[in-house]
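Structural overview for review
Okay, here's what each chain looks like letter by letter:
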Amino acid sequence: MTWEYGLIGLVIGIIVGAVAMRFGNRKLREQRSMQYELEKTKAELADYREELTNHFAQSAELLDNMARDYRQLYQHMAKGSNDLLPNLPGEKNPFAYQLTEAEADNDQAPVQMPRDYSEGASGLLRGERPARD
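Below: a short report on this structure. Computed from a predicted structure; not experimentally measured.

**Some points on the overall build of the protein chain**
Along the backbone of the protein chain there are 2 helices and 0 strands. By residue count, 5% of the 133 residues in the protein chain fall in the buried class. Approximately 12900 Å² of the protein chain is accessible, and the part contributed by carbon and sulfur atoms is 59%.

Next comes the structure, spelled out in structure tokens:
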């Protein structure tokens, strides 16, 4: 009798183990699939960020070259107009304004920063109070 109970227990254990493996294995496969997708997406994001950084670095370099070439062209045109048309009054000369060397070397014109406050008190802080009746 004990031998029969052991055999029945073994069969039931095998069946329960097979069912557990079937359901557990599917979840494990889904988990591995999701992990693979996550790693793949992370790699794609890293590649995209690197590509974006390279793009903006190249764009900045091209814009810098373009600004430098524009300054050189403008200086050439201004010098040429002054040399070729010396008698032309300043207001008639389209290239009357010449960039100085300091302005030509500086990439940015001086900019006055905006203030984060007003000239005088306003709103509740101003000195005048409304007259009460």
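**Focus: the pattern of salt bridges**
A side chain with one charge may pair with a side chain of the opposite charge, provided their charged atoms come close. The tally for this structure, following the rule as stated, stands at 2 salt bridges. Between Asp-64 and Arg-68 there is a salt bridge; the shortest N-O distance is 3.1 Å. You can see Asp-64 and its partner Arg-68 sitting in helix 1 (residues 2-84), 4 residues apart, about one turn around the helix. Residue classification places Asp-64 among the partly exposed positions, given a relative accessible area of 31%. As a salt-bridge pair, Asp-83 and Lys-79 come within 3.1 Å of each other at their nearest N and O atoms. With a gap of 4 residues between them, Asp-83 and Lys-79 both fall in helix 1, about one helical turn apart. Using a relative accessible area of 51% as the deciding quantity, one classes Lys-79 as exposed.

**Considering a nonpolar patch on the surface**
A contiguous nonpolar patch, built from Trp-3, Leu-7, Leu-10, Val-11, Ile-14, Ile-15, Val-19 and Phe-23 and spanning about 840 Å² of accessible area, is present on the exposed surface. Looking at the element boundaries, Leu-10 is found in helix 1.

**Observations concerning helix 1**
Here helix 1 is 83 residues long and its end C-alpha atoms lie 119 Å apart, about the 123 Å a rise of 1.5 Å per residue gives. Within the span of helix 1, buried status applies to Arg-71, Tyr-74, Ala-78 and Ser-81.

**Details of the packing of aromatic side chains**
Applying the stated criterion across every chain, the model contains 1 aromatic pair. On the basis of an interplanar angle of 35 degrees and a centroid distance of 6.4 Å, the ring pair of Tyr-70 and Tyr-74 is categorised as tilted. Here Tyr-70 pairs with Tyr-74, and both are found in helix 1, just 4 residues apart, close to one helical turn.

**Some words on the side chain of Ser-81**
Inspection of the secondary structure puts Ser-81 in helix 1. On the accessibility criterion, Ser-81 (10% relative accessible area) is buried. Those residues within four positions of Ser-81 in sequence are excluded, and the remaining contacts are Pro-86, Asn-93 and Phe-95.

**Points about a positive patch on the surface**
Where like charges cluster on the molecular surface, the positive patch consists of Arg-22, Arg-26, Lys-27 and Arg-29. Relative to the helices and strands, Lys-27 resides in helix 1.

**Regarding a negative patch on the surface**
Taken together, the side chains of Glu-37, Glu-44, Asp-47, Glu-50 and Glu-51 present a region of like negative charge at the surface. On the secondary structure map, Asp-47 appears in helix 1.

The rules behind the values
- Residues numbered from 1 in each chain as written.
- Predicted model: local features only at pLDDT ≥ 70, side-chain atom pairs only at ≥ 80, totals over all residues.
- Heavy atoms only, no water.
- Helix = DSSP H or I, 4+ residues; strand = E, 2+ residues; numbered from the N terminus.
- Buried < 20%, exposed > 50% of the residue type's maximum accessible area, 1.4 Å probe, protein only.
- Areas by Shrake-Rupley, 256 points an atom, 1.4 Å probe, with all protein chains shown as cover.
- Salt bridge = Lys/Arg side-chain N within 4 Å of Asp/Glu carboxyl O.
- Patch = residues over 30% accessible without salt bridge, like charges linked within 9 Å, V, L, I, M, F, W, Y side chains within 5 Å.
- Expected span 1.5 Å × (residues − 1).
- Phe/Tyr/Trp six-rings, centres within 6.5 Å; stacked < 30°, edge-to-face > 60°.
- Contact = heavy atoms within 4.5 Å.
- Lys, Arg positive; Asp, Glu negative; His and termini not counted.
- Charge placed at Lys NZ, Arg CZ, Asp CG, Glu CD.

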